[in-house]
Amino acid sequence: MKPSNKQLLALAIAAVNCGPAVVLAQSQPTNDSMIEEVVVTASRRAESIQEIPYNITAITGESLKNAGVDDLTKMSQFIPGMQMIDAGARSTGLVTLRGMNVGGLQASENQGGKDIISRYVNDTPMLIDFKLVDVERVEVLRGPQGTLYGRGAMGGTLRYILNKPSTEATEGSVSTELYQNSESDGLSSEVSGVLNLPLSDTLALRVSGTRVDDAGFVDYENVLVEPGVSNDTRYVKDVNTEETTAIRTALRWEPNDQFFAQATYYVQDQKAGGRQAVNPEYTGNDYTSALLYVEPRDNKDDLFNIEFGWNSDLIEIFSTTSRANYEGYGRRDQSDFLAILYPFYTDFPQYSTYAVDDNEAESLVHETRFLSTDGNSPEWLDWIAGFYYEETNTLLDAREYIPGWDAYWDYDNGLTEAGSTDLEYWHYSDDTFKERAVFGEATFHASDALQVTLGARYFKQTESVAYDCYAFPMWTGADRDCDAQSGDIDDTVFKLNAAYDFSDDVMLYATVAEGFRRGGLNFGPNLREDEKTYDSDKAVNYELGWHTTLAGGRAIFNGAIFRVDWKDLQVGTKSEVAGINITGNGSQGVIDGIELSTQYSATDNLTLNGWVTYYDHGLDGDAPGIDGFDGDSFPGVPKLQANLGFDYFIPVSQGELTLRGNAYYKDEIQTLLNSVGDNYDNETLDAYTVANLSLDYRLDQWRASVFADNVTNEYYYNGGRSEKKYGERGQFYYVGQPRTLGVNLSYEF
């Protein structure tokens, strides 16, 4: 049977947005090798990607392997409109879509407000830089997704869909990778494996895992030997190491075609040696830091999930319940930051300051969805309805120390708790957030060519702070200032979408959609009354997009033009009196943008692909509450961003040999929204281009690859904090990975 243009386009849309296309096991590529129906569940029901009238990217797990993608940093190069601030393993990377970011790039400690996009592992929201192992696909929805994905989905939604246990066969894979970059003294490695084991005709177990040992490449050249005792320093090489272990176990029971139940446990334990940040203006070296303390951090995420689905003629039901836990513990150098705030601290000859952060969070998430079937709805109507519940408890304990202070001044702060000696600052809190929501969407098929979708979500959110306490032991002894607050909000967001198929090759769609982020509470000493809370912000997206197929299926051209009106923006700022990190609201922002993607099968052996986005973004009017002014650009968001890639199949007598490459360009960006005033700490980071190459050989069940990432050894920054608040020594820039060469060997069985 001759493939339809819709089948070709379905694969092409997925392939163009993920970079290199999949080359199947055959001696010569043909058009048949491009035919693959990409099924996604972004609309909360399984559909071909071509049939979803949204600007969505779907990347299959095989495509991720082909492109050498195992984390968000590299994956962002293949997603139109995605920006990733790579801060290394120590920090959860800031990810944005469609230019929607107002948080600063200075550090993960205060990016302002809550998440701007939602991240999901299957159907559970988790803020995690997920290791891309045993992934069926990654789905990225651009623009507000408030009706189906709720809070935090103003900029879009990122979903990791994991492979399910299968009763079909015992199968698996093992893979090992060795690599080294040009600035590291050590060799890095990654080992991963997958095992799918049928236990019966209806029961299957799937286990996967990975271990990453990255040698690091940033040196700390001024680390104190004995803080508080002497000012002697030592040189520590390759501090920004990473040791990550991730394991997933899933058990799936599928007694018939109508019902399934699955239990999944996932854990990721990550240990980072220090920041991927440099200060060449102080040290004189491109890959060195001037900080006085090594800054390790341990992050552990675990998730237990139970889900079931029932699909009958009368109704389709899906339910998922998850318990997620997070533990984080790390140290930060605060020496220059506090010296600027309180200069008299430096009267202590061996002055230095470090902070210790101890964070815990526990979440319970439940969602049940009801979907239409042929038995309960007419042919002209599809619908989905559901309810959502979330409860998250967060414990924070942050302390700052000046080693040697108490002994030098013969000072007793009066605190009896463990860890109170030399304590300069202590902040601890207990915060509980709850959300209840009902949502629904209905799609009306007016004809074979025209469909209209209406969606809405009603939500009620509450935040209750049992205690939020501050102490300044070097100032006020054992006294502490504690507060407790609570608040709630309820609102409704809407979506309207219409799509028209002019032919099998041309679809046009239009969307108006709302997204929102919850407001919250600020705590701290000497806050003004108007600084104690910040409001929710809301975005409305107006979009016109198209999917087209050209040249009989050998080329595609897709795109969207849009405007986002963003009100009451949540921005990280400083309190007026004490200068502590808080969140405030700006006035309004506007983003006008265009997103284009294309793919062309130039020959039977060569496929070209690419995308480009252009965003005109900034404040619409002055925002005096955050020292923002009309036209201030959003931080971390380039005006122009593009990626070009190719796959070239090289004929060989045995097996398959494929050369792949891409070049990614990112325009200059700002590090902070504010351009002048008390909050001024903004810098412009230069544009850069990163090129990657790989050569991949497959023979039967074996696969071997050699790769070079950042081939030209481009030196670039993607975030940072400047001198005004953090001092000459405390300022830094998040630096990109230098040229990295590696090999990968894998075996499938």
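About the thresholds
- Residues numbered from 1 in each chain as written.
- Predicted model: local features only at pLDDT ≥ 70, side-chain atom pairs only at ≥ 80, totals over all residues.
- Heavy atoms only, no water.
- Pairing = 2+ DSSP bridges.
- Helix = DSSP H or I, 4+ residues; strand = E, 2+ residues; numbered from the N terminus.
- Salt bridge = Lys/Arg side-chain N within 4 Å of Asp/Glu carboxyl O.
- Buried < 20%, exposed > 50% of the residue type's maximum accessible area, 1.4 Å probe, protein only.
- Polar contact = N/O pair within 3.5 Å; in protein donor to acceptor, adjacent residues only side chain to side chain.
- Contact = heavy atoms within 4.5 Å.
- Patch = residues over 30% accessible without salt bridge, like charges linked within 9 Å, V, L, I, M, F, W, Y side chains within 5 Å.
- Areas by Shrake-Rupley, 256 points an atom, 1.4 Å probe, with all protein chains shown as cover.

## Some details on the sheet that holds strand E18 (residues 288-289)
- Spatially, three strands are ordered E14-E13-E18 in an open sheet, and the strand pairing comes out mixed. The outermost strands of the open sheet, each flanked by one partner alone, are strand E14 (233-236) and E18.
- Pairing of strand E13 (residues 219-224) with E18 involves two bridges; the strand directions are parallel. Counterpart to Asp-219 in the pairing with E18 is Thr-288.

## A closer look at the sheet that holds strand E42 (residues 732-735)
- An order of E17-E42-E41 is seen for the three strands of this open sheet, with the pairing classed as antiparallel. Sheet topology places strand E17 (277-278) and strand E41 (717-721) at the edges, where each strand pairs with a single neighbour.
- As defined by bridge partners, E17 adjoins E42 across two bridges and the pair is classed as antiparallel. Of the residues in E42, the one forming a bridge with Val-278 is Tyr-733.

## Section: the pattern of salt bridges
- Tallied over the entire structure, the rule returns 38 salt bridges.
- Two residues, Glu-62 and Arg-698, come together in a salt bridge whose shortest N-O distance is 2.6 Å. Taken together, the residues Glu-62 in helix H2 (residues 61-66) and Arg-698 in strand E39 (residues 688-699) connect sequence positions 636 residues apart.
- A salt bridge links Asp-696 to Arg-698; the nearest nitrogen and oxygen atoms lie 3.5 Å apart. Accessibility classification places Asp-696 together with Arg-698 in one group, the buried group.
- Salt bridges sharing common partners tie together Glu-62, Asp-647, Arg-660, Asp-696, Arg-698 and Arg-703.

## Describing the environment of Trp-566
- Here Trp-566 shows up in strand E30 (residues 555-567).
- For the pair Trp-566 and Glu-514, spaced 52 residues apart in sequence, the C-alpha separation works out to 9.8 Å.
- Separated by 3.2 Å, the side chains of Trp-566 and Asp-537 make a polar contact.

## Observations concerning the environment of Thr-392
- Note that Thr-392 resides in strand E22 (residues 381-401).
- Residue classification places Thr-392 among the buried residues on the basis of a relative accessible area of 12%.
- A sequence separation of 40 residues divides Thr-392 from Thr-432, and the C-alpha atoms of the two residues are 5.6 Å apart.
- Here Thr-392 is in contact with Glu-362, Ser-363, Asp-431, Thr-432 and Phe-433, once residues within four sequence places are set aside.
- One polar contact links Thr-392 to Ser-363, side chain to side chain, over a distance of 2.9 Å.
- Within the local environment of Thr-392, its side chain forms a polar contact with the side chain of Glu-390, the two groups lying 3.0 Å apart.

## As for the pairing of strand E36 (residues 656-666)
- Taking burial as the measure, the 11 residues of E36 include eight buried ones, the bulk of the element.
- Looking at chain direction, strand E35 (residues 640-650) and E36 are connected through 10 bridges and run antiparallel. Looking at E36, one finds that Phe-646 is bridged to Gly-661.
- Two elements, E36 and E39, share 11 bridges in a ladder whose sense is antiparallel. Looking at E39, one finds that Tyr-665 is bridged to Thr-689.

## Quick notes on a nonpolar patch on the surface
- A cluster of nonpolar side chains, contributed by Val-174, Leu-195, Leu-197, Leu-199, Val-207, Ile-247, Leu-251 and Phe-749, occupies part of the molecular surface with about 610 Å² of accessible area.
- Where the nonpolar patch is concerned, the elements lending two or more residues are strand E11 (188-198) and strand E15 (242-253).
- Mapping Phe-749 onto the fold places it in the segment after strand E43 (740-748).

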